[in-house]
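# Chain and residue survey
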Amino acid sequence: IDGLMAAAQQKLDDLSARAEGRDVVCSLTLNGRGPLHSELSGPVALDELLGEIRATATESPWVWVERITGNTHPPLDPDARAETDDFLGAVLRNAAGYSEDENSRKELIGVVNEVFAERRGGLPAATDVQLLEWTEQARWMLAETLDPEN
């Protein structure tokens, strides 16, 4: 966590320098895969990290971090894991098919949009980009949940 705090502080210092004496409001997104994921995925971990970072914004010009979004993953390679001959491997291969196969993607987007349309007031149709993002998120959730080593 100390290394993450140092890297975040460096980014905030860079933002402050580019702001040329003005105060800055920003958000941070944590991306990556590794052992810090388990520490960052706790129910209050990002809020605590946000509090620590905000505590450093004491002098003007300051950099205020509005929120921190976590997009981290465990030290797991879902593509390599998909090649294993077990239940998780089969699930991950199937999930990857929705991202890679255009017919599967069209079928899935049809199902998603049907569900969206049936909601009260309806929801806008899902885009191809959203669908790819959602299938990637689902693939990670499956890997994290079903991998016996996690």
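Each remark here, short or long, concerns the structure printed above.
Let me sum up the structure you'll find in this document. This is a predicted model, so every value here is computed, not measured. (Residues numbered from 1 in each chain as written. Predicted model: local features only at pLDDT ≥ 70, side-chain atom pairs only at ≥ 80, totals over all residues. Heavy atoms only, no water.)

### Overview of the overall build of the protein
Secondary structure summary: the protein contains 7 helices and 2 strands in total. Along the protein, from the amino end to the carboxyl end, the secondary structure elements read α-β-α-α-β-α-α-α-α. Taken over C-alpha atoms, the radius of gyration comes to 20 Å for the protein, far larger than the 15 Å a tight globule of 150 residues would show. Taking the principal axes of the C-alpha coordinates as reference, the protein spans close to 55 × 40 × 25 Å. Evaluated residue by residue, the protein yields a buried proportion of 30% over its 150 residues. Long-range pairs, those at least 24 residues apart, make up 64% of the contacts in the protein between residues at least 6 apart in sequence. Computed over 13 positive and 28 negative side-chain charges, the inter-centroid distance for the protein is 6 Å. (Helix = DSSP H or I, 4+ residues; strand = E, 2+ residues; numbered from the N terminus. Rg over C-alpha atoms; globule rule 2.2 N^0.38 Å. Buried < 20%, exposed > 50% of the residue type's maximum accessible area, 1.4 Å probe, protein only. Contact = heavy atoms within 4.5 Å. Lys, Arg positive; Asp, Glu negative; His and termini not counted. Charge placed at Lys NZ, Arg CZ, Asp CG, Glu CD.)

### Looking at the environment of Leu4
Among the secondary structure elements, Leu4 is positioned in helix α1 (residues 2–18). When the C-alpha atoms of Leu4 and Leu36 are compared, they prove to be 8.9 Å apart, with 32 residues separating the residues in sequence. Not counting residues within four places of it along the chain, the set of residues in contact with Leu4 comprises Leu30, Leu36, Leu40 and Leu49.

### Quick look at the pattern of salt bridges
Overall, the coordinates contain 4 salt bridges when judged by the stated rule. Close ionic contact of Arg139 with Asp79 constitutes a salt bridge, the shortest N to O distance being 3.1 Å. Placement of Arg139 in helix α7 (residues 128–146) and of Asp79 in helix α4 (residues 78–82) is noted, with a sequence separation of 60 residues between them. Take Arg139: its relative accessible area is 8%, and that puts it in the buried class. What makes Asp79 partly exposed here is its relative accessible area of 47%. Across the pair Asp86 and Arg81 runs a salt bridge whose closest N-O atoms are separated by 2.9 Å. Residues participating in the shared-partner salt-bridge network are Asp79, Glu136 and Arg139. (Salt bridge = Lys/Arg side-chain N within 4 Å of Asp/Glu carboxyl O.)

### Thoughts on helix α6 (residues 102–118)
When the terminal C-alpha atoms of α6 are compared, their 24 Å separation across 17 residues agrees well with the 24 Å that a helix rising 1.5 Å per residue should span. Looking only at α6, the buried set comprises Arg105, Ile109, Val112 and Phe116. The buried residues of α6 occupy an angular sector of 65° when the element is viewed end-on, so they sit on one face. What points out from α6, more than 90 degrees from its buried face, is the exposed set Asn103, Lys106, Glu107, Glu114, Ala117 and Glu118. Against α5 (87–100) and α7 lie the buried residues of α6. (Expected span 1.5 Å × (residues − 1). Arc of directions from axis to C-beta.)

### Quick notes on the layout of surface pockets
For the largest pocket, the calculated volume is near 260 Å³. Lining the largest pocket are 16 residues, with Leu4, Thr29, Leu30, Asn31 and Thr72 positioned closest to its centre. Among the secondary structure elements, those contributing two or more residues to the lining of the largest pocket are α1, β1 (24–33), α2 (36–40) and β2 (63–73). Broken down by element, the lining of the largest pocket gets its largest block of residues, 6 residues, from β1. Among the residues making up the lining of the largest pocket, the classes are represented as 7 nonpolar, 7 polar and 2 charged. (1 Å grid on protein atoms, 1.4 Å probe; cavity = no way out; pocket = protein on both sides within 12 Å on 5 of 7 lines; lining within 4 Å. Points joined across faces, edges and corners; volume = space filled by probe spheres on them. Nonpolar A, V, L, I, M, F, W, Y, C, P; charged D, E, K, R; others polar.)

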